[in-house]
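The primary structure of each chain is shown beneath.
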Amino acid sequence: MIRSPFRFVLVALTALSLSACGINSVPTKEEAVNAQWANVQSAYQRRADLIPNLVSTVRAAAGSENQILNNVTSARARATSINITTDDLSNPAEFQRFQEAQNQLTQAMGQLRTVVEAYPQLQSQGRFADLMTAVEGSENQINVERIRYNEAVQDYNTEIRTFPSVIGAKLIHGAEAKVPFQASAGAQNAPTVDFGNSFENGAQTGAPANDNAGQQAPAAATN
């Protein structure tokens, strides 16, 4: 009769001790990171799904801008070809590849926006306006989901590094820090565009409109 309460107390203390060591909190916070990563991917996919129709609409009204349009199409292909699984969230090299591809697409979209300013007839089309509104909404959502992802990553990384959760994180779960999104250097700068020699008698005759066309993208996605 004496041992039964003691055994109960011992079991309770053991459970509390294990819980304090991150047995439950570490995987819970990791699942939060994984769930938020799915939201990030969904937002990026939404933007990628809109781009083909946008490029098609612009090409119909501004066919002479083939290089810019091809840049957007190529950047989209690269961005959608890199699949990051939740296992890769602790792999800085793979995560950087993903960020680079998405950043190249963001830069290409910035070039496209600047170019279409030279085509008032395009801006007046309802379909183009609707597509641009949808794309901008998607990019805003990407930004929101990235911020939430970084918050979840910070929470998880803090959990696995602090006592006493670090015990369970290392000895039981083998937890590794997740990689957050980082803005690239100069991300706040808008792309520069020069139309000085681009048009003659309504046709494109000069170099590509964007001075940054063809340059290597920075290491992190910026949208």
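Every value quoted in this text rests on a predicted model; they were computed, and no experiment measured them. (Residues numbered from 1 in each chain as written. Predicted model: local features only at pLDDT ≥ 70, side-chain atom pairs only at ≥ 80, totals over all residues. Heavy atoms only, no water.)

## Remarks on the overall build of the protein
No. 1: A count of helical and extended segments in the protein gives seven helices and two strands.
No. 2: For the protein, the α and β elements follow one another from N to C terminus as α-α-α-α-α-α-α-β-β.
No. 3: When burial is assessed residue by residue, the protein has 36% of its 223 residues classed as buried.
No. 4: Across the protein, the fraction of contacts at a sequence separation of at least 24, relative to all contacts at a separation of at least 6, is 77%.
No. 5: When the accessible surface of the protein is split by element, carbon and sulfur atoms take 51% of a total near 12300 Å². (Helix = DSSP H or I, 4+ residues; strand = E, 2+ residues; numbered from the N terminus. Buried < 20%, exposed > 50% of the residue type's maximum accessible area, 1.4 Å probe, protein only. Contact = heavy atoms within 4.5 Å. Areas by Shrake-Rupley, 256 points an atom, 1.4 Å probe, with all protein chains shown as cover.)

## Some thoughts on unusual backbone geometry
The phi torsion of most residues other than glycine is negative, and most of the peptide bonds are trans.
No. 1: In this structure, the amide linkage connecting Phe163 to the following residue, Pro164, adopts the cis form with an omega of 5 degrees.
No. 2: Note on placement: Pro164 falls in the loop between α6 (126–161) and α7 (165–171).

## Describing the confidence of the model for the protein
No. 1: When pLDDT is averaged along the protein, the result is 80, and 73% of the positions lie at 70 or above.
No. 2: Overall, residues 8–18 carries pLDDT values under 50, and its contacts beyond four positions in sequence, including any with other chains, amount to one contact.
No. 3: Of the regions scoring below 50 in pLDDT, residues 190–223 engages in 77 contacts with residues more than four places distant in sequence or in other chains. (pLDDT = per-residue confidence, 0-100.)

## Some points on the packing of aromatic side chains
No. 1: Applying the stated criterion to the full structure yields eight aromatic pairs.
No. 2: An angle of 25 degrees between the planes, with centres 6.0 Å apart, marks the rings of Trp37 and Phe181 as stacked. Residue Trp37 is found in helix α2 (residues 25–61), and its partner Phe181 is found in the loop between α7 and β1 (199–200); the two are separated by 144 residues along the sequence.
No. 3: A ring pair is formed by Tyr44 and Phe98, whose centres lie 5.5 Å apart and whose planes are at 80 degrees; its orientation type is edge-to-face. Linking Tyr44 in helix α2 with Phe98 in helix α4 (residues 92–116), this pair joins segments that are 54 residues apart in sequence. Take Tyr44 and Phe98: they sit in the same class, and that class is buried.
No. 4: One aromatic cluster is present, formed by Trp37, Tyr44, Phe95, Phe98, Tyr149 and Phe181 through successive ring pairs. (Phe/Tyr/Trp six-rings, centres within 6.5 Å; stacked < 30°, edge-to-face > 60°.)

## Comments concerning the packing of α4 against α6
No. 1: Contact geometry of α4 with α6 gives a least axis separation of 13 Å together with a crossing angle of 150 degrees. Regarding the angle of α4 to α6, the classification is roughly antiparallel. In this structure, the crossing between α4 and α6 has a hand that is left-handed. Mapping the contact onto sequence places Phe95, Met109, Arg113 and Val116 in α4 and Phe128, Met132, Val135, Glu136, Glu139 and Tyr149 in α6.
No. 2: For the contact of α4 with α6, the per-class residue count stands at seven nonpolar, no polar and three charged. (Axes fitted to C-alpha atoms, helices over the stretch in contact; angles between N-to-C directions. Parallel < 35°, antiparallel > 145°, perpendicular 65-115°, else oblique. Left-handed = near helix turned anticlockwise from the far one by under 90°. Nonpolar A, V, L, I, M, F, W, Y, C, P; charged D, E, K, R; others polar.)

## What to know about the environment of Gln123
No. 1: Along the polypeptide, Gln123 turns up in helix α5 (residues 120–123).
No. 2: Using a relative accessible area of 41% as the deciding quantity, one classes Gln123 as partly exposed.
No. 3: Taking the C-alpha atoms as reference points, Gln123 and Val58, 65 residues apart in sequence, are found 9.5 Å from one another.
No. 4: Excluding residues within four positions of it along the chain, Gln123 makes contact with Val116, Glu117 and Phe128.
No. 5: There is a polar contact of 3.3 Å between the side chain of Gln123 and the backbone oxygen of Glu117. (Polar contact = N/O pair within 3.5 Å; in protein donor to acceptor, adjacent residues only side chain to side chain.)

## Let's talk about α2
No. 1: Between its terminal C-alpha atoms α2 stretches 55 Å, which fits the 54 Å expected from 37 residues at 1.5 Å a residue.
No. 2: Helix geometry: α2 is bent most strongly at Ile51, by close to 30 degrees, with proline Pro52 lying one to four residues after it. (Expected span 1.5 Å × (residues − 1). Bend = angle between axes of the 7 residues up to and from the residue.)

## Structural notes on a nonpolar patch on the surface
No. 1: A grouping of Phe163, Ile167, Leu171 and Ile172 is seen on the molecular surface, where their side chains present a nonpolar patch of about 480 Å² in accessible area.
No. 2: The residue Phe163 is located in the loop between α6 and α7 in this model. (Patch = residues over 30% accessible without salt bridge, like charges linked within 9 Å, V, L, I, M, F, W, Y side chains within 5 Å. Salt bridge = Lys/Arg side-chain N within 4 Å of Asp/Glu carboxyl O.)

## Quick look at the side chain of Gln102
No. 1: Locating Gln102 in the fold gives a position in helix α4.
No. 2: For Gln102, a relative accessible area of 5% corresponds to the buried category.
No. 3: Polar side-chain contacts of Gln102 include one of 3.1 Å to the side chain of Arg47.

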